[in-house]
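# Working through the structure, step by step
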Amino acid sequence: QVQLVESGGGLVQPGGSLRLSCVASGSFFRIYDMEWYRQVPGKQRELVAHISRAGSAGHADSVKGRFTISRDNSKDTTYLQMNSLKPEDTAVYSCHAELQTSTTSTLAQYWGQGTQVTVSS
């Protein structure tokens, strides 16, 4: 059973920083692309950042220059460093990963449970 577990969310003042982590656990062969999404109630889920296994990364225009995605393949973990946070960054942030559970399996999609980020004074 593969699980993605996020941590690092919380309440922060505008202009502050948070670092989210997403760790994959369980039995699997390899993790490929990893992404961070966010969602506000009543709105569509938004892709915030993505990173390939080789480290090629991209960020949404709304967070470019403020957020940075990274990963540590040896720890099966992806991070989202969030700086200069704004109230409009308030959302539930979720991790998504594509991975193979074995050397012969096809790619499967997994989601974490999400972590709340609230930016408010």
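## Let's talk about the side chain of Ser 21
- Along the chain, Ser 21 falls in strand S3 (residues 18–25).
- The residues contacting Ser 21, other than those within four sequence positions of it, are Val 5, Glu 6, Ser 7, Trp 36, Thr 78 and Tyr 79.

## Observations concerning the packing of aromatic side chains
- Inspection of the entire model under this criterion finds one aromatic pair.
- Considering the side-chain rings of Tyr 37 and Trp 111, the 5.0 Å spacing of their centres and the 55° angle between planes classify their relative orientation as tilted. Taken together, the residues Tyr 37 in strand S4 (residues 30–39) and Trp 111 in strand S10 (residues 108–111) connect sequence positions 74 residues apart.
- Assessed through its relative accessible area of 35%, Trp 111 is described here as partly exposed.
- Cation over ring: Arg 19 sits above Tyr 79, and NZ or CZ is 4.0 Å from the ring centre.
- The positively charged end of Arg 45 is found above the aromatic ring belonging to Tyr 37, 5.5 Å away from the centroid.

Criteria and cut-off values
Residues numbered from 1 in each chain as written. Predicted model: local features only at pLDDT ≥ 70, side-chain atom pairs only at ≥ 80, totals over all residues. Heavy atoms only, no water. Helix = DSSP H or I, 4+ residues; strand = E, 2+ residues; numbered from the N terminus. Contact = heavy atoms within 4.5 Å. Phe/Tyr/Trp six-rings, centres within 6.5 Å; stacked < 30°, edge-to-face > 60°. Buried < 20%, exposed > 50% of the residue type's maximum accessible area, 1.4 Å probe, protein only. Lys NZ or Arg CZ within 6 Å of the ring centre and 35° of its normal.

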